[in-house]
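The residues making up each chain are set out below.
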Amino acid sequence: MTTPKELRAQGATPMVAMDDISVSFGGIKAVDRVSVDLHPGEVVGLLGHNGAGKSTLIKVLSGAYQMDSGEIRINGDKVEITNPRDARSHNIETIYQTLALADNLDAASNLFLGREIVTSTGLVNDAAMEAECRKIMGRLNPNFRKFNEPVSALSGGQRQSVAIARAVYFNARILIMDEPTAALGPHETQMVAELIQQLKAQGIGIFLIDHDVHAVMQLCDRASVMKNGQLVGTVDIEDVTDDDLLSMIILGKKPGEAAA
Amino acid sequence: MTVTTSQPVTPQNKRNIFQQLELDVRLLGMIGAFIILCIGFNLVTDGRFLTPRNIFNLTIQTVSVAIMASGMVFVIVTRHIDLSVGALLATCSAVMAMTQTEFVPHVLGLGLNHPITWIVAVGVGLVTGTLIGAFHGWMIGYLTIPAFIVTLGGFLVWRNVAWYLTDGQTIGPLDSTFMMFGGTNGTLGTSLSWILGLVATVLALLVLWNARRAKLAHDFPVKPVWAEVVMGLVVSGAILGFVAVLNAYDIPTRRLQRMFEARGDVMPEGLTMGYGLPISVLILIAVAIVMTVVARRTRLGRYIFATGGNPDAAELSGINTRLLTVKVFSIMGFLCALSAVVASARLANHSNDIGTLDELRVIAAAVIGGTALSGGFGTIYGAILGALIMQSLQSGMAMVGVDAPFQNIVVGAVLVAAVFIDIVYRKRVGAK
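One numbering rule holds for all chains: residues counted from 1, following each sequence as written. Throughout, the order in which chains and ligands are written sets their labels, letters from A for the former and numbers from 1 for the latter. Confidence filtering applies because this is a predicted model: local features only for residues at pLDDT of at least 70, side-chain atom pairs given and counted only at 80 or more, and all residues used for totals across whole chains, interfaces and linings.

A.B. asks: Honestly, the overall build of chain B in this entry has me stumped. Any pointers?
C.D. replies: The way it works is that DSSP assigns letters per residue, a run of H or I at least four long becomes a helix, a run of E at least two long becomes a strand, and they are numbered from the N terminus. Along the backbone of chain B there are 16 helices and zero strands. At 23 Å, chain B has a C-alpha radius of gyration in line with the 22 Å of a compact globule built from 432 residues. Summarising its shape, the C-alpha atoms of chain B cover approximately 75 × 55 × 45 Å along the three principal directions. Here exposure depends only on C-beta density: within 10 Å of a residue's C-beta, 20 or more other C-beta atoms make it buried, 12 or fewer make it exposed, and intermediate numbers make it partly exposed, the C-beta atoms being placed from the backbone. Burial analysis of chain B (432 residues in total) assigns 41% to the buried set. By the convention adopted here, residues make contact when the C-beta atoms placed from their backbones lie within 7 Å. Considering only residue pairs separated by 6 or more positions, chain B has 79% of its internal contacts joining residues 24 or more positions apart. Restricting the calculation to C-alpha atoms gives the radius of gyration, and the globule rule supplies 2.2 Å times the number of residues raised to the power 0.38.

A.B. asks: What am I meant to see in the overall build of chain A here?
C.D. replies: Helix and strand content of chain A: 10 helices and 10 strands. Computed over its C-alpha atoms, the radius of gyration of chain A comes to 19 Å, within 12% of the 18 Å expected for a compact globule of 260 residues. Projected onto the principal axes, the alpha-carbon positions of chain A cover approximately 65 × 40 × 40 Å. Across the 260 residues that make up chain A, the buried fraction comes to 49%. A sequence separation of at least 24 residues applies to 65% of the contacts in chain A between residues at least 6 apart.

A.B. asks: What should I look at first to understand the packing of helix α7 (residues 190–217) of chain B against helix α8 (residues 225–248) of chain B in this one?
C.D. replies: Geometry of a packed helix pair, given as the angle between the helix axes and the separation of the axes. Residue and element names in this part refer to chain B. Lines fitted to the C-alpha atoms define the axes, with helices restricted to the stretch that makes contact. Angles between their N-to-C directions range from 0 to 180 degrees. In contact at an axis separation of 10 Å, α7 and α8 are set at 165 degrees when each is read in the N-to-C sense. As the angle between them shows, α7 and α8 are arranged roughly antiparallel. Note that α7 runs across α8; the crossing there is right-handed. Across the interface between the two elements, Thr 190, Ser 193, Trp 194, Gly 197, Ala 200, Thr 201, Ala 204, Leu 205, Leu 208 and Arg 212 of α7 pack against Glu 228, Met 231, Gly 232, Val 235, Ser 236, Ile 239, Leu 240, Val 243, Leu 246 and Asn 247 of α8. Note on residue classes: Ala, Val, Leu, Ile, Met, Phe, Trp, Tyr, Cys and Pro are nonpolar, Asp, Glu, Lys and Arg are charged, and everything else, Gly too, is polar. Each residue belonging to the contact of α7 with α8 can be placed in one class, and the counts come to 11 nonpolar, seven polar and two charged. Roughly parallel covers angles under 35 degrees, roughly antiparallel covers those over 145, roughly perpendicular covers 65 to 115, and oblique covers all other angles. Two helices cross in a left-handed way if the nearer one is turned anticlockwise from the farther one by less than a right angle. They cross in a right-handed way if the turn is clockwise.

A.B. asks: Would you take a moment to explain helix α6 (residues 156–169) of chain A for this structure?
C.D. replies: One turn of an α-helix holds 3.6 residues; hence residues three or four places apart share an orientation. Residue and element names in this part refer to chain A. Helices are assigned an expected span. That span is 1.5 Å times one less than the residue count. Between its terminal C-alpha atoms α6 stretches 20 Å, which fits the 20 Å expected from 14 residues at 1.5 Å a residue. Judged by how many residues are buried, α6 sits mostly within the fold: 12 of 14 residues are covered. Buried within α6 are the following residues: Gly 157, Arg 159, Gln 160, Ser 161, Val 162, Ala 163, Ile 164, Ala 165, Arg 166, Ala 167, Val 168 and Tyr 169. Residues of α6 that are buried in the fold lie against β6 (92–95), α4 (107–111), α5 (126–140), β7 (174–178) and α7 (186–201).

A.B. asks: Looking at this structure, I do not really get the nonpolar core. What am I missing?
C.D. replies: Residue and element names in this part refer to chain B. By definition, a nonpolar core groups buried Ala, Val, Leu, Ile, Met, Phe, Trp, Tyr and Cys residues that connect through C-beta atoms lying within 7 Å of each other. Ranked by internal contacts, the top residues of the largest apolar core, which has 175 residues, are Ala 66, Ala 69, Met 72, Cys 336, Ala 365 and Ala 366. If you tally residues by element for this core, the top one is helix α13 (residues 321–347), at 16 residues. Taken domain by domain, the makeup of this core includes at least three residues from each of domain 1 (17–184 + 282–407) and domain 2 (187–277). Residues in contact with Cys 336, not counting those within four places in the same chain, are Met 68, Val 85, Leu 88, Leu 89, Cys 92 and Gly 129. Domain start and stop points were drawn from an automatic or database domain assignment.

A.B. asks: I would appreciate a short explanation of the sheet that holds β6(A) in the present structure.
C.D. replies: Within a sheet, neighbouring strands are paired by backbone hydrogen bonds and run either parallel or antiparallel to one another. Residue and element names in this part refer to chain A. On the basis of which strands lie adjacent, the open sheet formed by six strands has the order β6-β7-β8-β3-β9-β10 and mixed pairing. Of all the strands in the sheet, the pair left with one neighbour each is β6 and β10 (230–236). Neighbour-to-neighbour, the strand axes of this sheet turn through a mean angle of 15 degrees, independent of strand direction. Lying over the sheet, helix α2 (residues 54–62) contacts β3 (43–47), β6, β7, β8 (205–209) and β9 (222–227), oriented at roughly 150 degrees with respect to β7. A pair of strands counts as paired when DSSP detects no fewer than two bridges linking them.

A.B. asks: I tried to follow the sheet that holds strand β5 (residues 77–79) of chain A on my own but got confused; where do I start?
C.D. replies: Residue and element names in this part refer to chain A. Overall, antiparallel pairing links the four strands, which are arranged β2-β1-β4-β5 in an open sheet. One side of each edge strand has no neighbouring strand; the edge strands of this open sheet are β2 (28–38) and β5. On average, each strand axis in the sheet is tilted by 30 degrees relative to the strand beside it, whichever way the strands run. Looking at chain direction, strand β1 (residues 16–25) and strand β4 (residues 69–74) are connected through five bridges and run antiparallel.

A.B. asks: Explain the interface of chain A and chain B to me, please; I cannot follow it from the model alone.
C.D. replies: It is common to give the size of an interface as the accessible area lost on bringing the parts into contact. Residue-level contacts link 31 residues of chain A with 29 residues of chain B. Listing elements by their share of the side of chain A that touches chain B, those giving two or more residues are α3 (84–89) and α5 of chain A. Per-element tally for the side of chain A that touches chain B: the top contributor is α5(A), with nine residues. Its residues assigned to classes, the side of chain A that touches chain B shows 15 nonpolar, seven polar and nine charged.

A.B. asks: What should I look at first to understand the domain arrangement of chain B in this one?
C.D. replies: Residue and element names in this part refer to chain B. Each assigned domain of chain B is listed here: domain 1 (17–184 + 282–407) and domain 2 (187–277). One C-alpha centre belongs to domain 1, the other to domain 2; they are set 24 Å apart. Residue-level contacts link nine residues of domain 1 with 12 residues of domain 2. Taken together, the elements giving at least two residues each to the side of domain 1 that touches domain 2 come down to α1 (17–21) and α3 (52–77). It is α3 that provides the largest number of residues to the side of domain 1 that touches domain 2, a total of four residues. Within the side of domain 1 that touches domain 2, the residues separate by chemical class into five nonpolar, two polar and two charged.

A.B. asks: What exactly am I supposed to notice about the environment of Thr117(B) here?
C.D. replies: All names here are of chain B. Here Thr 117 is to be found in helix α5 (residues 117–141). We classify Thr 117 as buried; it has 24 C-beta atoms within 10 Å. C-alpha of Thr 117 to C-alpha of Ile 319: the two residues are 202 residues apart in sequence and 41 Å apart in space. Residues in contact with Thr 117, not counting those within four places in the same chain, are Gln 100, Val 104, Leu 110, Asp 175, Thr 177 and Phe 178.

A.B. asks: It is not clear to me how the pairing of β9(A) should be interpreted in this structure. Could you clarify?
C.D. replies: Looking along a regular strand, one sees side chains alternate from face to face of the sheet. Residue and element names in this part refer to chain A. The element β9 is largely enclosed, with a buried count of six among its six residues. Of the two faces of β9, the one lined by Arg 222, Ser 224 and Met 226 and the one lined by Ala 223, Val 225 and Lys 227 are each fully buried. Of the pairings in the sheet, the one linking β3 to β9 comprises four bridges and is parallel in character. Across the sheet, residue Gly 45 finds its bridge partner in β9, namely Ala 223. With six bridges joining them, β9 and β10 adopt antiparallel strand pairing. Bridged to Met 226 within β10 is Leu 231. Taking the residues between adjacent antiparallel strands as the criterion, β9 and β10 are bridged by two residues, where Asn 228 takes a positive phi near 50 degrees.

So, in structure tokens, the structure goes:
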């Protein structure tokens, strides 16, 4: 199997290319002509301060925001993503920072929200959904037990596994993770890291948004750094150090410029 | 992606009898409060409260508010409110009254009491209610005007549309078939009631049995057999007991005489006949079942509760929450129209003040029944029980001879107290 790096070297068409994207909110340019891309089996980190525009950029891809200008191509074809349903139809799944779960529903209902399994009479098949939910949770988080309780009764890690299960279950090709480990303890963070490796091996492309430079160094193949809505640069993780990334985030300078 | 391991289903440690029966403790609390209320009034009134006659009256008085309360559950669950239900009921009632007393007899020239009059009237009423509800929902969902404002406006608009349509006159008497939808004018009689009661019992037992089979099919934990049997007995007892009580209320002799005279017969000496199940109560039961199925077993219901729990999550899951708002308010409008059928048929005419203050009774019934104004929680049976409790309080106090102002003071205080108890309960069990 060719690695993402080799694919890029061959000039292969990326599975996702976001080209020249701009988003404004009432005169403020939240994202200013940013371009990023993603190959199969690759993890691309998006780094930057709060308000650097990384979440806004990625919400354009997941259909939560509309871009003002720019182009999104999936496997080379230009696509229109105007709402979350469009994104899902392109196998783009998102795990949000704020854990987009309905607190009053149980794990299975959240897992299948918007895509319920129905019986032949068109009624929701709760038993089948719970059975599927037990299967996937058995793989992702074997300690998970609270199937019949609303997710408000779950711990941060358990909630995160429901959110991840939702993305994984529906055969995502492109996965967006917005600070997936923000609310988690060390053990659960390790669990997410292992899961990312597992998903990579299956050829899924992942955009990982994170504050934590160490997590990005550990998990990502490339990193795109943003500052004040603009792209500072995209670097291969192998070629840079923690300090290089930090100076990109803080000073907005690429490693070569910083050294000069 | 291959899935190899499956999550083992662990039997939970059952602690007490309620958990073994898997009963909703909240529901038990409400039923308990209701029973205490009934027994209390019965003692004070020397046994006049729990007579078949009073129970019959209580049931038919509750129907109109209970039908609307079941729709209000969906509205409140999605974090909205509807202040216009009483006014909307009045408009629907006025439209139906004009249809059956003016449009069908004079414009269509079919005369009074034509067999199709009631179908046209009810159809026109239901369409009117649904369209007005959809219009409210469109303004709330798509124009993003807060539901409070839209329905506060609707409260004034529809109350006075009803007035304008009828010139403020009382319209009556209504079509004779139409009037069968309200209270004593349309009951099934004893034998048919018993048959229906038995059919309902069998169906209820089948539902219990199927639920258990579905769980067993997926190896989920099930209740012990004795608990299922107890549930089955309680359900059957409740259904058949209810039928027995309504059958026990005899049609007054003079009314029975008039009924025979109307048919040109002479009433046999010493004949007694029970009323049996009123058609309006059957409508309420049908609404309760359909609404419960919608809430628990359809995508629409799932999305209503998901949107109430976390509107952003619902939106991000690809649910069209704007269209959902239109649907929820359309259902509310439809149920207001259905309530208007029952209410005007029971009164045998359309009066200008029909449904006045119903919006508050309906909201109070839903809230007493455990619907959280913060959204995401509520049950149909809770709202109906809430309506029943409110009506019992009101009619019980009237029977005891409590002055009118005190009646309303008590009902208001009970509403606030019920919500407070609910907040304390939710904190105790740790639910949100």
